[in-house]
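Examining the three-dimensional arrangement
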Amino acid sequence: MIELYSWATPDSHQVHILLEECGLPYRVHPVDTGAGAQFQPQFLATSPGGQVPALIDPRGPDGRPISLCGSGAILVYLAVKAARFLPADERGKYEVLQWLLFQLASLGPLQAQGQHLRAHAPPQMPTAIERCTSEAKRLYGVVDQRLAQSGYIGGAEYSIADMAVYPGLRSCQEGGIDWSDHPRLRAWFDEVSARPAVQRGCAVLADLHGHRAHLTAA
């Protein structure tokens with residue numbers, strides 16, 4: 001049984017979705033990031049940086065327990081473990097990893113920063129909010145253009161790249177994004193939203209975090 005430490009955040013939902021897609025057995029341990037639970041010593045022993053999600057797999061690659069933190073590392077690990085959603089061929093694998101890293105390094109942090117500024121910034125910071133909104137529109141345009149060339153974000157097949165990008169887009173309209181500017185991205189979003197495993201993954205812990213759970217960044 002995989003032990004998952006998470007909350008109802010976009011980063012955690014990435015892993016919830018993959019676990020549901022793969023059908024791997026897992027148990028969720030809620031880590032209330034709004035209450036500072038990620039900084040408790042017991043959790044820091046699993047995730048030194050205080051990041052959710054974090055994972056302990058008692059049956060690691062060598063048969064011994066392994067502990068991992070951060071959605072990117074966990075997505076790759078679970079995809080390899082399940083032999084699904086990460087292509088076996090070298091070219092396909094690196095294309096998926098390229099877009100996974102795009103989300104982790106660019107799109108995800110920008111979404112989190114923009115949500116924080118809109119929720120908590122003082123009124124005298126409109127320039128910062130506008131910059132985040134403008135850059136988010138540009139990055140969504142990059143993904144939209146990618147989908148003009150490929151069926152899914154990572155390539156021809158649905159992959160962990162799609163699972164990484166999807167949760168943060170659930171609140172994009174509240175960040176000033178107009179779906180009509182990104183028709184291919186909207187079509188992809190609707191298709192992914194219809195997947196039963198995605199619906200189950202995004203429902204994990206949502207009842208604890210309330211109806212705005214998807215707006216909170218890890």
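One can find the structure itself at the top, above this paragraph.
Residues numbered from 1 in each chain as written. Predicted model: local features only at pLDDT ≥ 70, side-chain atom pairs only at ≥ 80, totals over all residues. Heavy atoms only, no water.

Let's talk about the overall build of the protein chain
Scanning the protein chain for helices and strands turns up nine helices and four strands. Along the protein chain, helices and strands appear, N-terminal first, in the series β-α-β-α-β-β-α-α-α-α-α-α-α. Here the protein chain holds 218 residues, and 48% of them are scored as buried. Taking all contacts inside the protein chain whose residues are at least 6 apart in sequence as the whole, residues at least 24 apart take part in 63%. Per element, the accessible surface of the protein chain, about 10600 Å² overall, is 53% carbon and sulfur. (Helix = DSSP H or I, 4+ residues; strand = E, 2+ residues; numbered from the N terminus. Buried < 20%, exposed > 50% of the residue type's maximum accessible area, 1.4 Å probe, protein only. Contact = heavy atoms within 4.5 Å. Areas by Shrake-Rupley, 256 points an atom, 1.4 Å probe, with all protein chains shown as cover.)

Quick word on the side chain of S12
By the secondary structure assignment, S12 is in helix α1 (residues 10-22). Residue classification places S12 among the buried residues on the basis of a relative accessible area of 0%. Excluding residues that lie within four positions of it along the chain, S12 makes contacts with S6, W7, V52 and P53.

Quick notes on the pairing of strand β2 (residues 26-30)
Relative to β2, strand β1 (residues 2-6) runs parallel, the two sharing five bridges. Its bridge partner being in β2, Y5 is matched across the sheet by H29. Of the crossover connections in this fold, the one passing from β1 over α1 to the parallel β2 is right-handed. (Pairing = 2+ DSSP bridges. Right-handed = clockwise from strand over helix to strand, strands pointing away.)

Some words on helix α8 (residues 196-203)
For α8, every residue scored as buried is listed here: A197, V198, G201 and C202. On an axial view of α8, the arc spanned by its buried residues comes to 130 degrees, and they lie on one face. After α8 finishes, the residue L205 shows a positive phi value of roughly 70 degrees. (Arc of directions from axis to C-beta.)

Digging into the packing of aromatic side chains
Scanning all chains against the criterion turns up seven aromatic pairs. Residues W99 and F102 carry aromatic rings whose centres are separated by 5.2 Å and whose planes lie at 65 degrees to one another, so their mutual orientation is edge-to-face. You can see W99 and its partner F102 sitting in helix α4 (residues 90-120), three residues apart, about one turn around the helix. Using a relative accessible area of 16% as the deciding quantity, one classes F102 as buried. Both rings, one in Y152 and one in Y158, keep their centres 6.0 Å apart while their planes meet at 65 degrees; by these two values the pair is edge-to-face. Like Y152, the residue Y158 is buried in the burial classification. Chaining the aromatic ring pairs together yields one cluster made of Y166, W179, W188 and F189. Positioned over the ring face of Y94 is K93, at 5.0 Å from the centre of the ring. It is R195 that lies over the ring of Y158; its NZ or CZ is 3.8 Å from the centre. (Phe/Tyr/Trp six-rings, centres within 6.5 Å; stacked < 30°, edge-to-face > 60°. Lys NZ or Arg CZ within 6 Å of the ring centre and 35° of its normal.)

Thoughts on the sheet that holds β2
Ordered by their spatial adjacency, four strands build an open sheet running β2-β1-β3-β4, and the pairing between neighbours is mixed. Both edges of this open sheet fall to β2 and β4 (66-69), since each of them pairs with a single strand only. Neighbour-to-neighbour, the strand axes of this sheet turn through a mean angle of 15 degrees, independent of strand direction. The pairing of β1 with strand β3 (residues 54-57) spans three bridges and is antiparallel. (Axes fitted to C-alpha atoms, helices over the stretch in contact; angles between N-to-C directions.)

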